[in-house]
Amino acid sequence: MGFKFQEWNVYKEIRKFRKEVIEEIVSKLPKEEQFILISQLKRALNSSLLNIAEGAYRKSDKDLAHFLNQSDTSLNEVVSCFDICLDDGYIDESLHKRFCKKVEKLTSQLAGFRRFLKKSKE
């Protein structure tokens, strides 16, 4: 038996994105960032996924929409971590731009899901 949130496309996409970030960005960060930037980036990535899961079984679509919004704000935090990585010279402009575009797509999917919930309630 599966969990319904595991079937949601946005959950699958954020899960895939998390793995890509860990493989392509986190792996490039220096060891001295392990307890600062690496930890913060991983927490923000995890939070985005965990908020979707937590909201999935709430009693109302309004509650779910709140957790989808939390997932979205965690992705904004990820972008801020990317900015820090760029500013500190850990990643180049090309990688920064590519991953920020991925976040834009994910936040758009989350916004679409929230709009769907709002319309289904009307």
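Residues numbered from 1 in each chain as written. Predicted model: local features only at pLDDT ≥ 70, side-chain atom pairs only at ≥ 80, totals over all residues. Heavy atoms only, no water.

Q: Could you clarify how one ought to interpret the overall build of the protein chain in this entry?
A: On a plain count of helices and strands, the protein chain comes out with 4 helices and 0 strands. Put simply, the protein chain runs from its N terminus to its C terminus through helices and strands in the order α-α-α-α. Compactness check: the protein chain gives a C-alpha radius of gyration of 15 Å against a globular reference of 14 Å for 122 residues, within 12% of the reference. The C-alpha extent of the protein chain, read off along each of the three principal axes, is 50 × 25 × 20 Å. A burial count over the protein chain gives 40% of its 122 residues as buried. Long-range pairs, those at least 24 residues apart, make up 73% of the contacts in the protein chain between residues at least 6 apart in sequence. In the structure as shown, the protein chain presents an accessible area of about 7,500 Å², 50% of it carried by carbon and sulfur atoms. Charged side chains of the protein chain number 23 positive and 19 negative; the gap between the two group centres comes to 7 Å. (Helix = DSSP H or I, 4+ residues; strand = E, 2+ residues; numbered from the N terminus. Rg over C-alpha atoms; globule rule 2.2 N^0.38 Å. Buried < 20%, exposed > 50% of the residue type's maximum accessible area, 1.4 Å probe, protein only. Contact = heavy atoms within 4.5 Å. Areas by Shrake-Rupley, 256 points an atom, 1.4 Å probe, with all protein chains shown as cover. Lys, Arg positive; Asp, Glu negative; His and termini not counted. Charge placed at Lys NZ, Arg CZ, Asp CG, Glu CD.)

Q: Any chance you could explain the packing of helix H1 (residues 9-24) against helix H2 (residues 34-56) here in plain terms?
A: Between two packed helices, both the angle of their axes relative to each other and the distance between the axes serve to describe the pair. Between H1 and H2, whose axes approach to 10 Å, the crossing angle comes to 170°. With respect to H2, the axis of H1 lies roughly antiparallel. The element H1 and its partner H2 pack so that their crossing is left-handed. Residues Val10, Tyr11, Ile14, Arg15, Phe17, Arg18, Val21 and Ile22 of H1 touch H2, and the partners they reach there are Leu41, Lys42, Leu45, Asn46, Ser48, Leu49 and Ile52. (Axes fitted to C-alpha atoms, helices over the stretch in contact; angles between N-to-C directions. Parallel < 35°, antiparallel > 145°, perpendicular 65-115°, else oblique. Left-handed = near helix turned anticlockwise from the far one by under 90°.)

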